[in-house]
Amino acid sequence: MTSEEGRRNLSSRLGIPDGNEPMTTTVHPITKASGRKVKSPAFNVEAVRADFPILKEKVHGKPLVYLDNAATSQKPRVVVDALMSFYTEFCSNVHRGVHELSERATRAYEAARVKAQRFLNAREAREIVFVRGTTEAINLVAASFGRANLRAGDEVLITAMEHHSNIVPWQLLTEEKGARLTVAPINDRGELIFDEFEKRLGTETRIVAVAHVSNALGTVNPVARIVQAAKRVGAVVVVDGAQAAPHLKIDVQTLGADFYAFSSHKVFGPTGVGVLWGRAELLEAMPPYQGGGDMIRSVRFEKTTYNDIPYKFEAGTPNIADVVGLGAALDYLRELGFERPAEHERALLAYATQQIEKIPGVRIIGTAREKAGVLSFVIEGVHPHDAGTLLDQEGIAVRTGHHCAQPVMERFGVPATTRASFAFYNTREEVDALVRGIHRVKEMFA
Ligand code: PLP
C-alpha cells in the first residue's frame, strides 16, 4: 500500500475528509466487527451488542449485565479503533503545525466538530466548543456569560431535579454577584410543575438552567415550552443535555435554547471530552473562560486580543484523541439511525417499569409521563448500597447513591436510590436478570 492509499484509508475510517471534500458530507462506515447491515428493517440488538466488546465480559463469573449507562455508556469498537488510530498513525498537535501529521490531526479534530454540529442540528460548526464534559460546559457559561451579564438582584432559575453540575456553578455565580438562585418545584411523579416554574419567571430572571432529562428520575422536561416561557421575560436558557443526548433526537434550533451541553462518555464516546453549543452571537460577545494558547490572536504585554469562536474558548492543547473518538461515536450513532434504537429503549424501559412495579416492597422513584433511560427505585428495608453490592455479585451493574442529585433525594424523602439505566444494547433478558436479582436481594433481607 502506498502512503497515499494508507492516508485515504485512515481518512475514510475516521471521517477525515480528503482535501477537496466538504466536511459535512463525511459519513463513517459503521463497524466491520459485526459485519452487520445497519440499514436492516428490524433493530437487531444482538448484532449491535457485537459492536461493544465489553458486553462479553464476565463479572464474578456471571455474564455482565450493564445497567449503569446514565453514569457512563460503553464504547463500540469503532471508538476504540479511532483512539488507537490517533495514537498509532497521526498523533500530533492541532492547528499550529504545517507538517502532514498535524494537518491530519487537525482535519480529524475539526471533522468531529462538524459531526457534533450535525448531531445537535446547530446552525454553524463554530457554535460547537469542545470542553471536558457537561460540567465544564455549564461552568463555562456561568463563568463567562454569567459573570459578564449578571448583576446584584438578578435571578437564575433552575428546577428541583437538577444534577449538582447544574446547581453549584449557579450558586457560585449568584453568591459572587449578590444575585439569587430560585428553584421551580417538581410534583410527586418527578415532573416540573409548570405553573410554579412560570410564576418564578420575572424581569429579574437572567438565566434559566434546566436538565433536558433528569439523571435521577428519568423525567424528560418540556424544554421547548420552558424556552418559550423564559423568552417572554428575556432570559437566556441553558440546557443540561447530559442525559438527553444518549436517548433523544436533539435539535437545538427547534428547541430555541441559547446553550446546550452534553458529555461524550454518555453518548458512547471517550471520557474527558464534551460539547458546549452556544448561539454564535452570544459566544462572540462573551469574554474568554480560560487564557492560554490557541485562544489568542495576538499577545503583547500591554494587550492581548482573542481568537474567533469557538477557539476563544478552547485554551491550551485540547483533548484531541478523545474529540476524534467522539467523532467516531457520533458517526456510529448516525449510522445506527435514531428511531429503531429509540423504540427499543422505550419498550425496554416500559417492560422494566412494569416488571419492577410488580415486586412487593419496591417503590419506583420518578414516574413522570415522559421518561427516558432511567429507572430509580428503593427496596423496603434494604439500603441501596447493599442492594447494589448484592446485584453486583450477580454480574449486574447498577448505580446506588444520590446520583449527584441530593435535592431530588430530599424531595422524595430517601437518602439514596438504586438506579438501573438503559442503552439501546440492553435486552429484555437483562431486565429479567435484574428482576431476579431484586427478588434475591429481598430474600436476603427477609
Ligand atoms: N448533568 C446530568 C443530568 C448528568 O447526569 C451528569 C452526569 O451524570 C452531568 C450533568 C455531569 O456530566 P459530566 O460528569 O460528564 O460532566
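No experiment lies behind these values; they were computed from the predicted model shown.

Asker: Would you take a moment to explain the site of the ligand for this structure?
Answerer: Around the ligand, a shell composed of G133, T134, T135, H163, S165, N215, D240, A242, Q243, S263, H265 and K266 is seen. Between an oxygen atom of the ligand and a side-chain N or O atom of K266, the distance comes to 2.6 Å. Protein chains shield 85% of the accessible area of the ligand, which is 390 Å² for the free molecule. Partitioning the shell around the ligand into residue classes produces one nonpolar, nine polar and two charged.

Asker: Help me understand helix α8 (residues 223-232), please; the structure alone is not making it clear to me.
Answerer: Residues spaced three or four apart along an α-helix face the same direction, because each turn holds 3.6 residues. For α8, every residue scored as buried is listed here: V223, I226, V227, A229 and A230. Axial view of α8: buried residues confined to an arc of 165°, hence all on one face. Exposed residues on α8 whose side chains face more than 90 degrees from its buried face are Q228 and R232. In this structure, the buried side of α8 is in contact with α7 (194-199), β7 (205-211), β8 (236-240) and α9 (252-255).

Asker: Looking at this structure, I do not really get the sheet that holds strand β13 (residues 362-365). What am I missing?
Answerer: The pairing of strands in a sheet comes from backbone hydrogen bonds and takes either a parallel or an antiparallel form. Pairing within the open sheet is antiparallel, and its four strands lie in the order β13-β14-β17-β16. Strands with a single pairing partner mark the edges of an open sheet, and in this sheet they are β13 and β16 (399-401). Geometrically, the sheet is characterised by an average inter-axis angle of 30° between neighbouring strands, direction not taken into account. Sheet topology places β13 next to strand β14 (residues 374-379); four bridges connect them, and they run antiparallel. Across the sheet, the residue bridging to I365 is S376, located in β14. Lying over the sheet, helix α12 (residues 339-357) contacts β13 and β14, oriented at roughly 10° with respect to β14.

Asker: When you look at the pattern of salt bridges in this model, what are you seeing that I'm missing?
Answerer: Side-chain pairing between opposite charges can occur once the charged atoms of the two side chains come close. Summed over all chains, the structure comprises 30 salt bridges. Taking the shortest distance from any N to any O, the salt bridge between K62 and E394 comes out at 3.6 Å. One end of the pair, K62, is in strand β2 (residues 62-63); the other, E394, is in the loop between α13 (384-393) and β15 (396-397), and 332 residues separate them in sequence. K62 sits in the partly exposed class, given a relative accessible area of 32%.

Asker: Is there a simple way to think about unusual backbone geometry in this case?
Answerer: With the exception of glycine, most residues fall at negative phi, and the peptide bonds are largely trans. The omega angle of the peptide bond from I309 to P310 is 5°, so this bond is cis rather than trans. When you line up the elements, P310 lands in the loop between β12 (304-306) and α11 (320-336). With a phi close to 50°, H60 is a non-glycine residue in the positive phi region. Inspection of the secondary structure puts H60 in the loop between β1 (58-59) and β2. Phi is positive for D294, which is not a glycine, with a value near 75°. Turning to its location among the elements, D294 is positioned in the loop between α10 (280-285) and β11 (296-299).

Asker: Where do I start with the pairing of strand β9 (residues 259-263) in this structure?
Answerer: Put simply, side chains in a regular strand alternate between the two faces of the sheet. Where burial is concerned, most of β9 is hidden: five out of the five residues are buried. Alternating positions in β9 separate into two faces, F259, A261 and S263 on one and Y260 and F262 on the other, with burial throughout. Sheet topology places β8 next to β9; three bridges connect them, and they run parallel. Within β9, the residue paired with V239 across the bridge is Y260. Pairing between β9 and strand β10 (residues 274-278): five bridges, direction antiparallel. Pairing of Y260 across the sheet is with W277, part of β10.

Asker: Sorry if this is basic, but what is going on with the domain arrangement of the protein chain here?
Answerer: How large an interface is tends to be reported as the accessible area lost when its parts come together. Here the protein chain is partitioned into domain 1 (108-335) and domain 2 (339-444). Each of domain 1 and domain 2 has a C-alpha centre, and the two are 28 Å apart. Taken together, the 26 residues of domain 1 in the interface contact 28 residues of domain 2. With both chains or domains summed, domain 1 and domain 2 bury close to 2,100 Å², and 56% of this area falls on carbon and sulfur atoms. Considering only the side of domain 1, the residues that lose the most area to domain 2 are R189, L217 and H247, jointly responsible for 27% of the buried surface there. Linking domain 1 with domain 2 are two salt bridges.

Asker: How should the packing of helix α4 (residues 100-120) against α11 be read in this particular structure?
Answerer: Angle between the axes and distance between the axes are the two parameters that describe a pair of packed helices. At a minimum axis separation of 8 Å, α4 and α11 run at an interaxial angle of 40°. Relative to α11, α4 is oriented oblique. Helix-helix and strand crossings are classified by hand; for α4 and α11 the assignment is left-handed. Contacts between α4 and α11 involve A108, Y109, A112, K115, A116, R118 and F119 from the former and I320, V323, V324, G327, L330, D331, L333 and R334 from the latter. Looking at side-chain class alone, the contact of α4 with α11 contains 10 nonpolar, one polar and four charged residues.

Asker: Got a minute to help me understand helix α15 (residues 428-445) in this structure?
Answerer: For α15, with 18 residues, the first-to-last C-alpha span of 26 Å sits near the 26 Å given by 1.5 Å per residue. Regarding α15, the residues found buried are E430, V431, A433, L434, V435, G437, I438 and V441.

Asker: Please clarify how the environment of K442 should be interpreted in this entry.
Answerer: Assignment of secondary structure puts K442 in helix α15. Considered as a pair, K442 and A108 are 334 residues apart in the sequence and their alpha carbons are 51 Å apart. Apart from the residues within four sequence positions on either side, K442 is in contact with I359, P360, G361, V362 and I379.

Asker: What is the right way to look at the side chain of E127 in this model?
Answerer: Note that E127 resides in the loop between α4 and β4 (128-131). Classification of E127 by relative accessible area gives buried; the value is 1%. In this structure the side chain of E127 is engaged in a polar contact, spanning 3.4 Å, whose partner is the backbone nitrogen of R123. Each residue touching E127, except ones within four places of it in the same chain, is listed here: A122, L276, W277, G278, R279, A280 and L283.

About the thresholds
- Residues numbered from 1 in each chain as written.
- Predicted model: local features only at pLDDT ≥ 70, side-chain atom pairs only at ≥ 80, totals over all residues.
- Heavy atoms only, no water.
- Near = heavy atom within 4 Å.
- Polar contact = N/O pair within 3.5 Å; in protein donor to acceptor, adjacent residues only side chain to side chain.
- Areas by Shrake-Rupley, 256 points an atom, 1.4 Å probe, with all protein chains shown as cover.
- Nonpolar A, V, L, I, M, F, W, Y, C, P; charged D, E, K, R; others polar.
- Buried < 20%, exposed > 50% of the residue type's maximum accessible area, 1.4 Å probe, protein only.
- Helix = DSSP H or I, 4+ residues; strand = E, 2+ residues; numbered from the N terminus.
- Arc of directions from axis to C-beta.
- Contact = heavy atoms within 4.5 Å.
- Pairing = 2+ DSSP bridges.
- Axes fitted to C-alpha atoms, helices over the stretch in contact; angles between N-to-C directions.
- Salt bridge = Lys/Arg side-chain N within 4 Å of Asp/Glu carboxyl O.
- Domains from an automatic or database assignment.
- Buried area = accessible area lost by both parts, 1.4 Å probe.
- Parallel < 35°, antiparallel > 145°, perpendicular 65-115°, else oblique.
- Left-handed = near helix turned anticlockwise from the far one by under 90°.
- Expected span 1.5 Å × (residues − 1).

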